[in-house]
Amino acid sequence: MAKKAKISGKVTIGFTLNPNGKLTDVKVLNGINDVLDKEAIRVVKLTSGKWNPARFEDENFSKEMAIPIVVIY
């Protein structure tokens, strides 16, 4: 649908990376279209558990993060 409508832009997804490398509180910070925003969330959630957690002095901790996803047609 987005490709057909030629919708392009950047969706910024925010989330919390927990000490186990999993993502929580995944949400759209800046969106461009409801369909693309939902797809960006879906794709980012697929990476949960594959991240290296934030570390300081040999301790893992939670960290709020944001990642831009660029859609170009």
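Relevant structure appears above.
Residues numbered from 1 in each chain as written. Predicted model: local features only at pLDDT ≥ 70, side-chain atom pairs only at ≥ 80, totals over all residues. Heavy atoms only, no water.

### A look at the pairing of strand β1 (residues 9-17)
Most of β1 is tucked away, with seven of its nine residues classed as buried. Of the strand pairs in this sheet, β1 and strand β5 (residues 63-71) are connected by nine bridges, and their pairing is antiparallel. Paired with Gly 14 across the strands is Ala 66, a residue of β5. Linkage of β1 to strand β2 (residues 23-30), two consecutive antiparallel strands, is achieved through a turn of five residues, within which Gly 21 is found at a positive phi near 85°. (Buried < 20%, exposed > 50% of the residue type's maximum accessible area, 1.4 Å probe, protein only. Helix = DSSP H or I, 4+ residues; strand = E, 2+ residues; numbered from the N terminus. Pairing = 2+ DSSP bridges.)

### A word on the sheet that holds β1
Reading across the sheet, the three strands line up as β2-β1-β5 and stay open at both edges, with antiparallel pairing between neighbours. The open sheet is flanked by β2 and β5, the only strands paired with a single partner. For this sheet, the mean inter-axis angle between neighbouring strands, taken without regard to orientation, is 25°. Running at roughly 40° to β1, helix α2 (residues 34-45) makes contact with β1, β2 and β5 of the sheet. (Axes fitted to C-alpha atoms, helices over the stretch in contact; angles between N-to-C directions. Contact = heavy atoms within 4.5 Å.)

### Topic: the pairing of β2
Bridge count for β1 against β2 is five bridges, and the pairing is antiparallel. When the sheet's bridge partners are listed, Gly 14 is paired in β2 with Lys 27.

### Things to note about the environment of Leu 36
Summarising the element assignment, Leu 36 is placed in helix α2. Considering only alpha carbons, one finds Leu 36 and Val 11, 25 residues apart in sequence, at a separation of 7.7 Å.

### Things to note about unusual backbone geometry
A negative phi holds for most residues other than glycine; trans holds for most peptide bonds. Even without being a glycine, Asp 25 presents a positive backbone phi close to 50°. Within the element layout of this structure, Asp 25 appears in strand β2. The class for Asp 25 is exposed, based on a relative accessible area of 54%. Backbone geometry places Glu 57, a non-glycine residue, at a positive phi of 50°.

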